[in-house]
Amino acid sequence: MPRAYIGVDVGTNSTRAGVFDEAGTLLATAKHPIRIWHEAGDVVEQSSQDIWDACTASVRAAMAEATIAPDSVGGIGFDATCSLVVLDRQGEPLTISASGDRQRNVIVWMDHRATAEARLINETGDAVLRYVGGSISPEMEMPKLLWLKRHMRVSFDTAGHFFDLADYLTWRATGSLQRSTCTVTCKWNYLAHDGGGWSAPFFKRIGLSDFVNEKYARIGTEIVAPGTRLGAGLTGTAAADLGLSPSTPVGASLIDAHAGGIGAIGGRDESDGATDVSDRLAYIMGTSACIMATTKEPCFVPGVWGPYYSGMVPNFWLNEGGQSAAGAAIDHLLKSHPGHAEASAAARREGLDLIEFLERRIIARAGGASRAALLARDVHVLPEFIGNRSPYADPDTRAVIAGLDLDTGIASMERLFVAGLCGLAYGLAEVIEAFAAHGVHSSIMIMGGGASRSPLVRQIMADTTGLTVALPQTTEPVLLGAAMLGAVAGGAYASIGETMAKMSALGRKSEPTTPDIAAFHARKRGVYRLLREVDRGSRAAMRVGV
């Protein structure tokens, strides 16, 4: 009987489920919102129970749309944002919130409450930091754990389990405490190469010797490769929640962007049959953006996370650049424009979302996706609203906008939108140049995430970076990457590498960049660099005498 595989993706604002066949064809998808609390001081919190409930709703809805029976599902995989989940010894939610609400037990990836703790960890200069580009980020888990110990000691001491969100989901599904190499290597400072494991000297140096003393019981004692079959599959309780059969195989998890990388980077190029992941860059653009490259040998790139051994593709090293605000930056720009209400109403009248409405107008007015950038000739954006993740590893960076006037119309909003996309593209180019300067070279960039569906976004990224930009054939590479975990766990394929070659392929590619457009972006990038100098200079000036 033909088998289907389910991928579950937990993003920042919603969960999604996708059902795929063995060839990687998408059969059905469903989406469900998740609750999020934003508080002062860069505090962002969620509920693990709410997230699980959203996962079950998404899976049930996708299964209903696919009209397949539960016993035809050969495996399921989960991916999620790299958020920290805290449970008590009975596996129940334990608060991480000043509100005291036990259900608020998830510190979201974009929560920057632990910026001071990240600085303290970086000041140790420990050798482990070499594998996060030389500087740990407050988005990672060790700063968050140190924050809990320093500011919410009761929760820290009484916790029974600390999970990356993706590993929480597989624990909830199977009862297995095994963690994924992807999550702990990329976000928990685990050293997967040469049998390194957890570093006791590192934990002692940063003030978290508790984990050493308890032999790492609360953060993971057994680390397995993504796609490894966990436990006996779905427990009876989890199967009932999801509407699936007990014992359905469950694969060890991936971080959400890394699932997108798996779903995109190893696809067959139908023009030549190639599947060489070491010549490809994955750019996964959602609320934030991840820029991921794989190499056969480790490459150390200052300000870029990694190199991580087997952090995404097994037996390859991963360098992971990123932008802390990508889609979130564009959304914020548009909502802050005085024409937002007018544009939103016009989009609704045409049955479009705001981004699609603006893009259609922009491309029609400019005469093409490449020439659309010219609309932003006099408006410039450094879109780093919540810091620079790469290549400067500066969480204190903030956005700078130049060239605004008093125009409140939709055309003015369009110019700001295009300028924001250009700013994101210039930040991406900086990461790619940092990669190349340290031996990480790529000729093609595979885009995934919601923004990848935009021809305007894809072409601006191609024109700015000089790389060919390709889409995966699937419209849902993140969900496909998660489903691949289920396919490996269920035995349909022997490895992630085989699964990528069998279940994914490359699709449409960007148009060549004309010399005049390349020259325009070169000039506009010069202004972008000036905006970065303004940000740095203004912060330095205001620190004097404080």
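Please refer to the structure placed before this passage.
Residues numbered from 1 in each chain as written. Predicted model: local features only at pLDDT ≥ 70, side-chain atom pairs only at ≥ 80, totals over all residues. Heavy atoms only, no water.

*Asks:* Teacher, can you tell me more about helix α3 (residues 141-151) here?
*Replies:* An α-helix turns once per 3.6 residues; consequently, residues spaced three or four apart project the same way. Burial within α3 is extensive, with nine of its eleven residues counted as buried. Taken together, the buried positions of α3 are Glu141, Met142, Pro143, Lys144, Leu145, Leu146, Trp147, Leu148 and Lys149. (Buried < 20%, exposed > 50% of the residue type's maximum accessible area, 1.4 Å probe, protein only. Helix = DSSP H or I, 4+ residues; strand = E, 2+ residues; numbered from the N terminus.)

*Asks:* I keep staring at the sheet that holds strand β2 (residues 14-21) and nothing clicks. Help me out?
*Replies:* The pairing of strands in a sheet happens through backbone hydrogen bonds and is either parallel or antiparallel. Across the sheet, five strands lie side by side as β3-β2-β1-β6-β12; this open sheet has mixed pairing. Among the strands making up the open sheet, the edge pair consists of β3 (26-33) and β12 (250-255). The sheet shows a mean angle of 15 degrees between the axes of neighbouring strands, direction not considered. Pairing between strand β6 (residues 73-80) and β12: four bridges, direction parallel. The residue bridging glycine 77 from the neighbouring strand is glycine 251, located in β12. (Pairing = 2+ DSSP bridges. Axes fitted to C-alpha atoms, helices over the stretch in contact; angles between N-to-C directions.)

*Asks:* Got a minute to help me understand helix α1 (residues 48-66) in this structure?
*Replies:* For α1, built from 19 residues, the straight-helix expectation of 27 Å at 1.5 Å per residue is met to within 8% by its first-to-last C-alpha distance of 27 Å. All of the buried residues in α1 are Ser48, Ile51, Trp52, Ala54, Cys55, Thr56, Ser58, Val59, Ala62, Met63 and Ala66. Once α1 ends, the next one or two residues include threonine 67, with phi positive near 50 degrees. (Expected span 1.5 Å × (residues − 1).)

*Asks:* What is the right way to look at the packing of aromatic side chains in this model?
*Replies:* Two numbers describe a pair of aromatic rings. These are the distance of the centres and the angle of the planes. As enumerated under the stated definition, the model contains 16 aromatic pairs in all. Arranged with centres 6.0 Å apart and planes meeting at 25 degrees, the rings of tryptophan 198 and tyrosine 216 form a pair that is stacked. Placement of tryptophan 198 in the loop between α6 (181-187) and α7 (200-206) and of tyrosine 216 in the loop between α8 (209-213) and β11 (223-224) is noted, with a sequence separation of 18 residues between them. For the residue pair tryptophan 198 and tyrosine 216, the accessibility class agrees, reading buried in each case. When the ring of phenylalanine 202 is compared with that of phenylalanine 203, the centres are 5.9 Å apart and the planes differ by 55 degrees; the resulting orientation is tilted. On the basis of relative accessibility, which here comes to 1%, the residue phenylalanine 203 falls in the buried class. Its end group placed over the ring of tryptophan 147, arginine 113 keeps NZ or CZ at 4.7 Å from the ring centre. (Phe/Tyr/Trp six-rings, centres within 6.5 Å; stacked < 30°, edge-to-face > 60°. Lys NZ or Arg CZ within 6 Å of the ring centre and 35° of its normal.)

*Asks:* Help me understand the packing of helix α14 (residues 410-437) against helix α18 (residues 515-543) in this model?
*Replies:* How two helices sit against one another is set out by the angle between their axes and by the gap between those axes. One way to put it is that α14 packs onto α18 with a least axis distance of 10 Å and a crossing angle of 85 degrees. Considered as vectors, α14 and α18 are oriented roughly perpendicular to each other. When α14 is examined against α18, the residues Cys422, Gly423, Tyr426, Gly427, Ala429, Glu430 and Glu433 are found in contact with a partner set consisting of His521, Lys524, Arg525, Tyr528 and Arg532. Split by residue class, the contact of α14 with α18 holds four nonpolar, three polar and five charged. (Parallel < 35°, antiparallel > 145°, perpendicular 65-115°, else oblique. Contact = heavy atoms within 4.5 Å. Nonpolar A, V, L, I, M, F, W, Y, C, P; charged D, E, K, R; others polar.)

*Asks:* Is there a simple way to think about the side chain of serine 58 in this case?
*Replies:* Within the secondary structure, serine 58 sits in helix α1. Judged by relative accessible area, which is 0%, serine 58 ranks as buried. Polar contacts involving the side chain of serine 58 include one to the side chain of threonine 15, which spans 2.8 Å. The residues contacting serine 58, other than those within four sequence positions of it, are Thr15, Arg16, Ala17, Ala30, Lys31 and His32. (Polar contact = N/O pair within 3.5 Å; in protein donor to acceptor, adjacent residues only side chain to side chain.)

*Asks:* Is there a simple way to think about the pairing of β3 in this case?
*Replies:* Within a regular strand, the side chains alternate between the two sheet faces. Where β2 lies against β3, seven bridges are found, and the strand directions are antiparallel. From the neighbouring strand, serine 14 faces β3, where its bridge partner is proline 33. A loop of four residues connects β2 with β3, the two strands running antiparallel in sequence, and glycine 24 in this loop sits at a positive phi of about 90 degrees.

*Asks:* How should the pairing of strand β5 (residues 43-46) be read in this particular structure?
*Replies:* With burial as the criterion, each face of β5 is covered, one bearing Val43 and Glu45 and the other bearing Val44 and Gln46. With three bridges joining them, strand β4 (residues 37-39) and β5 adopt antiparallel strand pairing. Residue tryptophan 37 lies in a different strand from β5, and its bridge partner there is glutamate 45. Where β4 folds back on β5, the antiparallel hairpin that results is connected by three residues, among which glycine 41 adopts a positive phi of roughly 80 degrees.

*Asks:* It is not clear to me how the sheet that holds strand β14 (residues 289-295) should be interpreted in this structure. Could you clarify?
*Replies:* Here we have seven strands laid out as an open sheet, ordered β15-β16-β14-β13-β19-β20-β21, and mixed in their pairing. Whereas interior strands pair on both sides, the edge strands pair on one side only; in this sheet they are β15 (305-309) and β21 (506-509). On average, adjacent strands in this sheet sit at an angle of 30 degrees to one another, irrespective of strand direction. When strand β19 (residues 444-448) meets strand β20 (residues 468-472), the two strands line up parallel, connected through three bridges. Bridge assignment links isoleucine 446 to a residue of β20, and that residue is alanine 470. Along the sheet face, helix α15 (residues 455-465) touches β13 (280-285), β19, β20 and β21 and points at about 155 degrees away from the line of β19.

*Asks:* Hey, could you run me through the environment of alanine 494 in this one?
*Replies:* Its location among the elements puts alanine 494 in the loop between α16 (477-489) and α17 (496-503). Residues alanine 494 and threonine 29, spaced 465 residues apart in sequence, show a C-alpha to C-alpha distance of 26 Å.

*Asks:* Please explain the packing of helix α11 (residues 327-336) against α14 as it appears in this structure.
*Replies:* α14 packs onto α11 with a crossing angle of 160 degrees between their chain directions and a minimal axis gap of 10 Å. Between α11 and α14, the crossing angle belongs to the class labelled roughly antiparallel. Relative to α14, α11 is oriented so that their crossing is right-handed. Residue-level inspection shows Ile330, Leu333 and Leu334 of α11 in contact with α14, the latter providing Met413, Leu416, Phe417, Gly420, Leu421 and Leu424. (Left-handed = near helix turned anticlockwise from the far one by under 90°.)

*Asks:* Could you clarify how one ought to interpret the side chain of threonine 294 in this entry?
*Replies:* Relative to the assigned elements, threonine 294 resides in strand β14. At a separation of 3.0 Å, a polar atom in the side chain of threonine 294 contacts the main-chain carbonyl oxygen of valine 277. Those residues in contact with threonine 294 that sit more than four places away from it in its chain are Ile265, Val277, Ser278, Arg280, Met312, Val313, Phe316, Trp317 and Leu318.

*Asks:* Which parts of the structure should I look at to understand the pattern of salt bridges?
*Replies:* Pairing between side chains becomes possible if they bear opposite charge and their charged atoms approach one another. Under the defined criterion, the tally for this structure stands at 28 salt bridges. Between aspartate 210 and lysine 149 there is a salt bridge whose closest N-O contact spans 2.7 Å. Residue aspartate 210 is located in helix α8, and its partner lysine 149 is located in helix α3; the two are separated by 61 residues in the primary sequence. Here aspartate 210 matches lysine 149 in class, with each residue buried. Two residues, arginine 539 and aspartate 535, come together in a salt bridge whose shortest N-O distance is 2.9 Å. Separated by four residues within a single helix, arginine 539 and aspartate 535 lie in helix α18, roughly one turn from each other. On the accessibility criterion, arginine 539 (18% relative accessible area) is buried. In the salt-bridge network here, residues are joined through shared partners; they are Glu39, Glu45, Arg104, Asp111 and Arg113. (Salt bridge = Lys/Arg side-chain N within 4 Å of Asp/Glu carboxyl O.)

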